[in-house]
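Summary of structural features
Single-letter residue listing:
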Amino acid sequence: MERMKTKNLAFCALMAAVTAVCAQISIPLPGGVPLTLSVAAVYLSGAFLGPGLAFASQLVYLLLGAFGLPVFAGFSGSLGVLLGSTGGYLLVYPLMAAAVALGRRLWGGKLPSLAASMLIALLLCYAGGTAWFMAVTQKSLAVSLAACVFPFVPVDLCKIALASAVGSRLAVFTERAD
């Protein structure tokens, strides 16, 4: 039993680290929200781990950044990043990872059901992040969607295609437990 707990902690830490690495693969955009691969890592956290560990892996990632480690896009990290205009997109990462894991648990790990779980997680990201962006910047819904959602939809759908393909193939090598 102790060995299993260690394995789960290792997978949790690994997915936090993968998210940190993927966040550095970043393209800054004019609207202030960078295009990164970190969301794909969040999806994979949910594909590989159970809901609790997936949530925990992304919470660890956020805590590392909140304490100043440069794990966010552009090698940034601080509580200020989380509280800034784009912080809402980061703050929903634990919920997104748990949603993918829960979808996998309920619907199975085949590619279509995993992609559907990731799409639900993406909608959580857009809703939570955009609401946060609007609250911080006092911009309208239309302006916020134009800056923070519409430019990202095609790329985010590609991330879902990639992450669901990888997740459905590789998840057989990990035991998910909570």
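Residues numbered from 1 in each chain as written. Predicted model: local features only at pLDDT ≥ 70, side-chain atom pairs only at ≥ 80, totals over all residues. Heavy atoms only, no water.

**Notes on unusual backbone geometry**
Glycine aside, negative phi is the norm for most residues, and most peptide bonds take the trans geometry. Test applied: Burial classification: accessible surface area is computed with a 1.4 Å probe over protein chains only, and a residue below 20% of its type maximum counts as buried, one above 50% as exposed, and the rest as partly exposed. Each helix is a run of DSSP H or I of at least 4 residues and each strand a run of E of at least 2, with the numbering of both proceeding from the N terminus.
Positive phi is not limited to glycine here, since Phe75 has a value of about 55 degrees. You can call Phe75 exposed: its relative accessible area is 61%. Here the phi dihedral of Gln138 falls at roughly 60 degrees; this positive angle occurs in a residue that is not glycine. Residue placement: Gln138 occurs in the loop between helix 7 (111-137) and helix 8 (141-148). The class for Gln138 is exposed, based on a relative accessible area of 65%.

**Description of the packing of aromatic side chains**
The relation between two aromatic rings is expressed through the spacing of the ring centres and the mutual angle of the planes. For the record, the criterion: Pairing of aromatic side chains requires ring centres within 6.5 Å, counting the rings of Phe and Tyr and the six-membered ring of Trp. Pairs whose planes differ by under 30 degrees are stacked, by over 60 edge-to-face, and all others tilted.
Using the criterion set out here, one finds two aromatic pairs in the structure. Both rings, one in Tyr61 and one in Phe72, keep their centres 5.5 Å apart while their planes meet at 80 degrees; by these two values the pair is edge-to-face. Here the residue Tyr61 occupies a position in helix 3 (residues 51-66), and Phe72 occupies one in the loop between helix 3 and helix 4 (79-83), the gap between them amounting to 11 residues. In this pair, the class of Tyr61 matches that of Phe72, namely buried. Taken together, a centroid distance of 6.1 Å and an interplanar angle of 15 degrees make the contact between Tyr61 and Tyr93 stacked. Taken as a pair, Tyr61 in helix 3 and Tyr93 in helix 6 (residues 93-107) lie far apart in primary sequence, 32 residues in all. Relative accessible area serves as the criterion here: at 0%, Tyr61 is assigned to the buried category.

**Here we look at helix 7**
Heads up, the condition is: A helix is expected to span 1.5 Å multiplied by its residue count minus one. By the convention used here, residues are in contact when the closest approach between their heavy atoms is within 4.5 Å.
Over its 27 residues, helix 7 runs 38 Å from end to end, which matches the ideal 39 Å to within 8%, given 1.5 Å per residue. Among the residues making up helix 7, those that are buried are Ser113, Leu114, Ala115, Ser117, Met118, Ala121, Leu122, Cys125, Tyr126, Gly129, Thr130 and Phe133. In the core, the buried residues of helix 7 are packed alongside helix 2 (38-48), helix 5 (87-91), helix 6, helix 8 and helix 9 (153-170). Once helix 7 finishes, Gln138 follows within two positions and takes phi at roughly 60 degrees, a positive value.

**Side note on the environment of Cys125**
Tracing the backbone shows Cys125 in helix 7. By relative accessible area, Cys125 is classed as buried at 5%. For the pair Cys125 and Leu90, spaced 35 residues apart in sequence, the C-alpha separation works out to 8.2 Å. The contact partners of Cys125, leaving out residues within four places of it in the chain, are Tyr89, Val92, Met96 and Thr130.

**A look at the nonpolar core**
Here is the rule: In this description, a nonpolar core means a group of buried Ala, Val, Leu, Ile, Met, Phe, Trp, Tyr and Cys residues linked to one another through side-chain atoms lying within 4.5 Å.
In terms of nonpolar packing, the biggest core is built from 42 residues, with Tyr43, Tyr61, Met96 and Met118 touching the most fellow members. Considering each element in turn, this core owes the most residues, eight residues, to helix 7. Ignoring anything within four residues of it in the chain, the contact list for Met118 reads Tyr43, Ala47, Val100, Ile160, Ala163 and Ser164.

**Observations regarding the pattern of salt bridges**
The condition is simple: Criterion for a salt bridge: a side-chain nitrogen of Lys or Arg within 4 Å of a carboxyl oxygen of Asp or Glu.
The final tally for this structure, using the stated rule, is one salt bridge. Here Lys159 makes a salt bridge to Asp156, at a shortest N to O gap of 3.2 Å. Here the residue Lys159 and the residue Asp156 both occupy positions in helix 9, the gap between them amounting to three residues, near one helical turn. Asp156 carries the same exposure label as Lys159, and that label is buried.

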